[in-house]
Amino acid sequence: MATTTPAATSTADQPKIKLYWLDQSRSQRILWLLEELSLPYELSIFHRDPKTRLAPPELKEIHALGKSPVISITPSSGKPVIIAESAFIIEYLLDHFGGESTLLPRRYREGEEGRVGGETEQWLRFRYFMHYTEGSLMSLMLMTIVVLHPKLTRTPGKEIKNSPVPFFIKPITSSIASKINTAFLDPNFATHFSFLESQLSTSPEEGKYLCGPNLTAADILLSFPLMAAKSRTGLTKEKYPLLWGYTERLEGENGYKKAMEKIVAIEGKFEATFKL
């Protein structure tokens, strides 16, 4: 759980925030952060193509890449600021609206402000995991989705391994999928999960989160790949009890539940990630 003291801003000067939300995407993390920061916001809802599972072309009208999350922040005077990429959005929101929130750990130890090496372990972990999530772990998750997700193959409803192909080709596609799993994905996931397990066991101040005793935005960022990993990537309670428990704690956070309930109220249902 995070504690937040919002930055002092009068209602008249409060920028207008709009989140362009896409189902089963990383945009849910931004919605969660907005709830944690107690910021007023507007939601613009988009849905994936039911066959290709891609974002709709309308998102390109907001940002050229047509991806989600994207936010627009309109100040009381001036043009909207359009921001894409999860980590950048999180950093921008914390810079302007974080106040005294524990979502962003204190950077320097007392009396060591501005000194190289004077950073707190909590802050160093925070900055590391803000980059690690998208740069290291998500690349594996995306490969897993492409290889294993039935609706992202050339034939919707079939995995690559089980795609309908001529009988003399089928052993090739099956072998390719199996080799990707056994030679690359499985050992890499094991390395990452073991690493995260060790990081949790050595969390500062014996904290139950990766950066210490308080929920941070880095935990929120990491939630998406970990929640997806619980289905078919070798993340089990038996092998990685600390990481499993950590992921379940994230799913039990009040801010996460509020964000989920907001979507259920609008959409009638909520699915955090692709079902692998």
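Heads up: the structure comes first, above all this text.
As the structure is a prediction and not an experimental result, all values here were calculated from the model.

Calculation notes
Residues numbered from 1 in each chain as written. Predicted model: local features only at pLDDT ≥ 70, side-chain atom pairs only at ≥ 80, totals over all residues. Heavy atoms only, no water. Helix = DSSP H or I, 4+ residues; strand = E, 2+ residues; numbered from the N terminus. Buried < 20%, exposed > 50% of the residue type's maximum accessible area, 1.4 Å probe, protein only. Contact = heavy atoms within 4.5 Å. Axes fitted to C-alpha atoms, helices over the stretch in contact; angles between N-to-C directions. Parallel < 35°, antiparallel > 145°, perpendicular 65-115°, else oblique. Nonpolar A, V, L, I, M, F, W, Y, C, P; charged D, E, K, R; others polar. Salt bridge = Lys/Arg side-chain N within 4 Å of Asp/Glu carboxyl O. Expected span 1.5 Å × (residues − 1). Arc of directions from axis to C-beta. Pairing = 2+ DSSP bridges. Polar contact = N/O pair within 3.5 Å; in protein donor to acceptor, adjacent residues only side chain to side chain. Phe/Tyr/Trp six-rings, centres within 6.5 Å; stacked < 30°, edge-to-face > 60°. Lys NZ or Arg CZ within 6 Å of the ring centre and 35° of its normal. Right-handed = clockwise from strand over helix to strand, strands pointing away.

Visitor: Residues and numbers for the overall build of the chain, please.
Guide: The number of helices and strands found in the chain is seven helices and four strands. Starting at the N terminus, the α and β elements of the chain follow one another as β-α-β-β-β-α-α-α-α-α-α. Buried residues in the chain amount to 46% of all 276 residues. Residue pairs in contact within the chain that sit at least 24 positions apart in sequence constitute 65% of those at least 6 positions apart.

Visitor: Summarise the packing of helix 6 (residues 241-252) against helix 7 (residues 254-267); cite the residues concerned and give the values.
Guide: Interhelical geometry of helix 6 versus helix 7 gives an angle of 55° and a closest axis separation of 5 Å. The orientation of helix 6 with respect to helix 7, classified from their angle, is oblique. Contacts from Leu250, Glu251 and Gly252 in helix 6 reach Asn254, Tyr256 and Lys257 in helix 7. In the contact of helix 6 with helix 7, the residues fall into two nonpolar, two polar and two charged.

Visitor: How would you summarise the pattern of salt bridges if you had to cite specific residues and measurements?
Guide: Any two side chains of opposite charge can pair, so long as their charged atoms come close to each other. All told, the structure shown has eleven salt bridges when counted by the stated rule. Close ionic contact of Arg125 with Glu121 constitutes a salt bridge, the shortest N to O distance being 3.2 Å. Note that Arg125 and Glu121 are positioned in helix 3 (residues 121-148) at a spacing of four residues, about one turn of the helix. Among the residues examined, Glu121 registers a relative accessible area of 41% and is labelled partly exposed.

Visitor: So what about helix 2 (residues 86-97)? Which residues, and what values?
Guide: Helix length check: helix 2 (twelve residues) gives 16 Å between terminal C-alpha atoms against 16 Å at 1.5 Å per residue, within 8%. Considered for burial, the residues of helix 2 that qualify are Ser86, Ala87, Ile89, Ile90, Leu93, Leu94 and Phe97. Buried positions in helix 2, seen along its axis, are confined to an arc of 160° and lie on one side of it. Downstream of helix 2 by one or two residues, Gly99 has phi in the positive range, about 55°.

Visitor: Which residues make up the sheet that holds strand 2 (residues 42-46), and what values go with them?
Guide: Overall, mixed pairing links the four strands, which are arranged 2-1-3-4 in an open sheet. If you trace the sheet from one side to the other, it starts and ends with strand 2 and strand 4 (81-84), each paired once. Adjacent strand axes in the sheet meet at a mean angle of 20° when their direction is disregarded. Pairing between strand 1 (residues 16-22) and strand 3 (residues 70-74): five bridges, direction antiparallel. Directly across from Tyr20, in strand 3, lies its bridge partner Val70. Each of strand 1, strand 2 and strand 3 is contacted by helix 1 (residues 27-36), which is oriented at about 145° to strand 1, the strand it contacts most.

Visitor: Let's hear about the environment of Glu271: which residues, and what values?
Guide: One can find Glu271 in the segment after helix 7. For Glu271, a relative accessible area of 29% puts it in the partly exposed group. In terms of polar contacts, Glu271 uses its side chain to reach the side chain of Gln24, at 2.6 Å.

Visitor: Before we move on, can you summarise the side chain of Thr233 with the specific residues and values?
Guide: By the secondary structure assignment, Thr233 is in the loop between helix 5 (217-232) and helix 6. Of the residues examined, Thr233 reaches a relative accessible area of 6% and is grouped as buried. Of the polar contacts made by the side chain of Thr233, one reaches the backbone oxygen of Ala229; its length is 2.6 Å.

Visitor: Provide a residue-level description of the packing of aromatic side chains, including the pertinent values.
Guide: Applying the stated rule across the entire model yields twelve aromatic pairs. Aromatic side chains Tyr128 and Phe129 sit 5.1 Å apart centroid to centroid with 75° between the ring planes, which places their arrangement in the edge-to-face category. Taking the relative accessible area as the measure of exposure, Phe129 reaches 1% and is therefore buried. Taking 5.6 Å as the distance between ring centres and 25° as the angle between the ring planes, the aromatic pair formed by Tyr128 and Tyr132 counts as stacked. With Tyr128 and Tyr132 both in helix 3 and four residues apart, the pair spans about one turn of that helix. On the basis of relative accessible area, Tyr128 is assigned to the partly exposed category, the value being 40%. For Lys230, the ring lying beneath its charged end belongs to Trp244, and the centroid distance is 4.6 Å.

Visitor: Please set out the pairing of strand 2 residue by residue, giving values where relevant.
Guide: Relative to strand 2, strand 1 is paired through five bridges, and the arrangement is parallel. When the bridges of strand 2 are listed, Leu22 appears paired with Phe46. For the segment spanning strand 1, helix 1 and strand 2, crossover handedness is right-handed.

Visitor: Tell me about the environment of Ser203, and name the residues and values.
Guide: With respect to the helices and strands, the residue Ser203 is situated in the loop between helix 4 (170-201) and helix 5. Separated by ten residues in sequence, Ser203 and Pro213 place their C-alpha atoms 7.9 Å apart.

Any link to function would need more than the numbers given here.
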